[in-house]
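Coordinate inspection notes
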Amino acid sequence: MHILRQGYPFIGTMLVVAVILYFLFGLYGIVLPLVLAAYFAYFFRSPERAVRQDPSLFYSPADGTVMDVTEFYDDEFLNAEAKKVTIFLSVFNVHVNRAPVEGTIKYQRYTVGHYLPAYDKEAAFENERFAIGLQKDGLKVLVIQIAGILARRIDNWVGLGSELRQGEIYGMIKFGSCTELVVPKEVEILSRKGDKVKAGITVMGRLKP
């Protein structure tokens with residue numbers, strides 16, 4: 001378990017505020033900033049996870065709760081009939097995103113949008129989002145990070161051409177958010193609405209033999 005560097009400014013700011021309030025108000029003044037500093041350390045945590053590499057499996061790209069499983073035609077990257085699993089991340093979930101499969105980033109798109117609650121069905125269409133398309137040996141997978149009412153920043157440290165191993169961390173969404181996994185229609189989806197999932201641990205789908 002370690003804390004992502006993206007959390008240091010938040011934690012540091014609260015600690016500085018705590019010191020200032022201590023000199024102004026004594027011990028009573030430091031309670032709230034210390035609680036917030038502890039929460040930011042908790043929010044920006046990134047647990048170590050040993051991910052078993054298996055090209056037939058599709059791991060969850062995020063920690064959270066499955067909101068929906070749908071079938072549709074994806075014209076953004078797969079250009080084929082597809083299945084989509086939508087995952088809601090609360091402010092208490094681990095917020096790093098992991099690659100569901102091994103592959104090369106062949107597509108990426110950032111879309112400016114609104115900040116509806118992540119659980120709102122319109123959020124996938126209206127909110128700020130960042131999509132990456134992974135491809136290997138003809139298999140295409142799309143992962144979409146969607147901002148929420150509190151999530152005002154999507155961070156990624158990958159780009160076109162980046163090679164990702166299965167389960168490798170590539171980005172995060174700051175505070176409550178939503179992540180979508182889009183896979184080919186022939187993939188058997190193992191997750192159902194209401195399931196609790198963990199990135200790089202929960203197998204969300206598998207290629208049919």
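Okay, so let's go over this structure. Keep in mind the model is a prediction, meaning the values are calculated, not measured.

What counts as what
- Residues numbered from 1 in each chain as written.
- Predicted model: local features only at pLDDT ≥ 70, side-chain atom pairs only at ≥ 80, totals over all residues.
- Heavy atoms only, no water.
- Core = buried A, V, L, I, M, F, W, Y, C linked by side-chain atoms within 4.5 Å.
- Buried < 20%, exposed > 50% of the residue type's maximum accessible area, 1.4 Å probe, protein only.
- Axes fitted to C-alpha atoms, helices over the stretch in contact; angles between N-to-C directions.
- Helix = DSSP H or I, 4+ residues; strand = E, 2+ residues; numbered from the N terminus.
- Parallel < 35°, antiparallel > 145°, perpendicular 65-115°, else oblique.
- Left-handed = near helix turned anticlockwise from the far one by under 90°.
- Contact = heavy atoms within 4.5 Å.
- Nonpolar A, V, L, I, M, F, W, Y, C, P; charged D, E, K, R; others polar.
- Pairing = 2+ DSSP bridges.

1. Here's the deal with the nonpolar core
By size, the foremost hydrophobic cluster in this structure holds 26 residues, and its most contacted members are Ile132, Val141, Leu164, Val183 and Met204. The next biggest cluster of nonpolar side chains, apart from the first, holds 11 residues, and it includes Ile11, Met14, Ala37 and Met172.

2. Quick word on the packing of helix 1 (residues 8–25) against helix 2 (residues 31–43)
In contact at an axis separation of 8 Å, helix 1 and helix 2 are set at 165 degrees when each is read in the N-to-C sense. Overall, the two elements helix 1 and helix 2 adopt an arrangement that is roughly antiparallel. As helix 1 runs across helix 2, the sense of the crossing is left-handed. Here Phe10, Ile11, Met14, Leu15, Val17, Ala18 and Leu21 of helix 1 come into contact with helix 2, specifically with Pro33, Leu34, Leu36, Ala37, Phe40 and Ala41. Here the residues of the contact of helix 1 with helix 2 sort into 13 nonpolar, no polar and no charged.

3. Quick notes on the sheet that holds strand 3 (residues 57–59)
Here 3 strands make up an open sheet; going across it, the order is 3-16-14 and the pairing antiparallel. With one partner strand each, in any of the chains shown, strand 3 and strand 14 (187–189) form the two edges of the open sheet. This sheet shows a mean twist of 25 degrees between the axes of neighbouring strands, independent of strand direction.

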